[in-house]
Amino acid sequence: MNWTAEPILVDGVGFACWNIKNNQMTNSYPDYGGERKYHENLACPRGQVGIGIFGRAGTAIDALGLVCGPMQVAETPPPPPPPPPPPPNGQMTCRVVAAVDVCPTTDGCDDKTRIGVLEAIGRVTVFERRGVWHKVRISAGEGFVFSSDAPGDFKSLDDCR
């Protein structure tokens, strides 16, 4: 770099980018600024890439630098798992989105007549559907749970397939 009595100010910034997938370089040169007097390239050492810039300025930018760091290639995420196989005999599985009483009939139930509670954890197999009532099996036995898609109604099951 040539040092003179006159201050050296930054009059433009350009970038060269390297695409690691196709090994191509892309240059971006400034098309603005003042008269170009000095040209200095900032490059990172082999195995490192530019991860930031720093500088100094008063009324004008009078220093600019490149922050280098190790090249890190993001790992490709694993593919999503395949969907579970469909249940046999036209049954379906549903995601349980709200805890719901399991009743012995489609007439509903209360604390004395309910078989148990289907908790909002995971999926459940639905063996039969009668309108808004869905026949399920829990550890305490088989029964019906209520789930409606109508606006304002209680929905305990979703994503049935």
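To be clear, the structure that these remarks concern was listed above.
A few points on the structure. Quick caveat, the model's predicted, so the values are computed rather than measured. (Residues numbered from 1 in each chain as written. Predicted model: local features only at pLDDT ≥ 70, side-chain atom pairs only at ≥ 80, totals over all residues. Heavy atoms only, no water.)

## Quick notes on the environment of Ala-16
Definition in use: Counting from the N terminus, the helices are DSSP H or I runs at least four residues long and the strands are E runs at least two residues long. Any two residues whose heavy atoms approach within 4.5 Å at even a single point are treated as in contact.
Turning to its location among the elements, Ala-16 is positioned in strand β1 (residues 15–19). Sequence-wise, Ala-16 and Thr-26 are ten residues apart; in three dimensions their C-alpha atoms are separated by 5.5 Å. Setting aside residues up to four positions removed in sequence, Ala-16 forms contacts with Met-25, Thr-26 and Asn-27.

## Section: the sheet that holds strand β8 (residues 123–126)
Worth spelling out the cut-off: For two strands to be treated as a pair, DSSP must find no fewer than two bridges joining them.
Spatial strand order, β8-β5-β12: three strands in an open sheet with antiparallel pairing. The open sheet has two edge strands, β8 and β12 (157–158), and neither has a second partner. Pairing of strand β5 (residues 92–96) with β12, which is carried by two bridges, proceeds in the antiparallel orientation. Bridge pairing in β12 links Val-96 to Leu-157.

## What about the packing of aromatic side chains?
Which entries qualify depends on this criterion: Classification of ring pairs uses Phe, Tyr and Trp, with its six-membered ring standing for Trp, and accepts pairs whose centres are within 6.5 Å; under 30 degrees between planes counts as stacked, over 60 as edge-to-face, and the remaining range as tilted. Only protein chains enter the accessibility calculation, which uses a 1.4 Å probe; a residue whose area is less than 20% of its type maximum is buried, one above 50% is exposed, and one in between is partly exposed.
With the rule as written, the count across this model stands at one aromatic pair. An angle of 75° between the planes, with centres 5.5 Å apart, marks the rings of Trp-133 and Phe-146 as edge-to-face. Taken as a pair, Trp-133 in strand β10 (residues 133–138) and Phe-146 in strand β11 (residues 141–146) lie far apart in primary sequence, 13 residues in all. Classification of Phe-146 by relative accessible area gives partly exposed; the value is 23%.

## Observations regarding unusual backbone geometry
The phi dihedral of Asn-23 is positive, around 60°, even though this residue is not glycine. Within the secondary structure, Asn-23 is located in the loop between β1 and β2 (24–28). Not every positive phi belongs to a glycine, and Asp-159 is a case in point at roughly 55°. By the element assignment, Asp-159 lies in the segment after β12.

## As for the pattern of salt bridges
Pairs may arise between side chains of opposite charge once their charged atoms sit close together. Going by this rule: By convention in these notes, a salt bridge is any Lys or Arg side-chain nitrogen within 4 Å of a carboxyl oxygen on Asp or Glu.
Taken as a whole and judged by the stated rule, the model has ten salt bridges. Note that Arg-114 is salt-bridged to Asp-111, the shortest N-O span being 3.5 Å. For Asp-159, the salt bridge identified is with Arg-123, shortest N-O distance 3.0 Å. In this pair, Asp-159 sits in the segment after β12 while Arg-123 sits in strand β8, placing the two residues 36 residues apart along the sequence. A relative accessible area of 34% places Asp-159 in the partly exposed class.

## Points about the nonpolar core
Here is the rule we go by: Residues grouped as a nonpolar core are buried Ala, Val, Leu, Ile, Met, Phe, Trp, Tyr and Cys residues, joined through side-chain atoms within 4.5 Å.
If you look at the biggest cluster of nonpolar residues, it comprises twelve residues: Met-92, Cys-94, Val-96, Val-100, Val-102, Leu-118, Val-124, Val-126, Val-136, Ile-138, Val-145 and Leu-157. Looking at this core, the elements that each hand over two or more residues are β5, β6 (100–102), β8 and β10. No other element matches β5, which puts three residues into this core. Look past the residues within four positions of Leu-118 in its chain and what remains in contact with it is Val-96, Ala-98, Ala-99, Val-100, Val-102, Val-124, Ile-138, Val-145 and Leu-157.

## Focus: the sheet that holds strand β9 (residues 128–130)
Applicable threshold: Axes here mean lines fitted to C-alpha atoms, for a helix over just the part in contact, with angles spanning 0 to 180 degrees between N-to-C directions.
Strand order across the open sheet formed by three strands is β9-β10-β11, with antiparallel pairing between neighbours. Each having just a single partner strand, β9 and β11 make up the two edges of the open sheet. Taking each pair of neighbouring strands and ignoring which way they run, the sheet shows an average axis angle of 35°. Where β10 meets β11, six bridges bridge the pair, whose relative direction is antiparallel. Bridging from a neighbouring strand, His-134 pairs with Val-145 of β11.

Bear in mind that shape data such as this cannot, by itself, settle questions of function.
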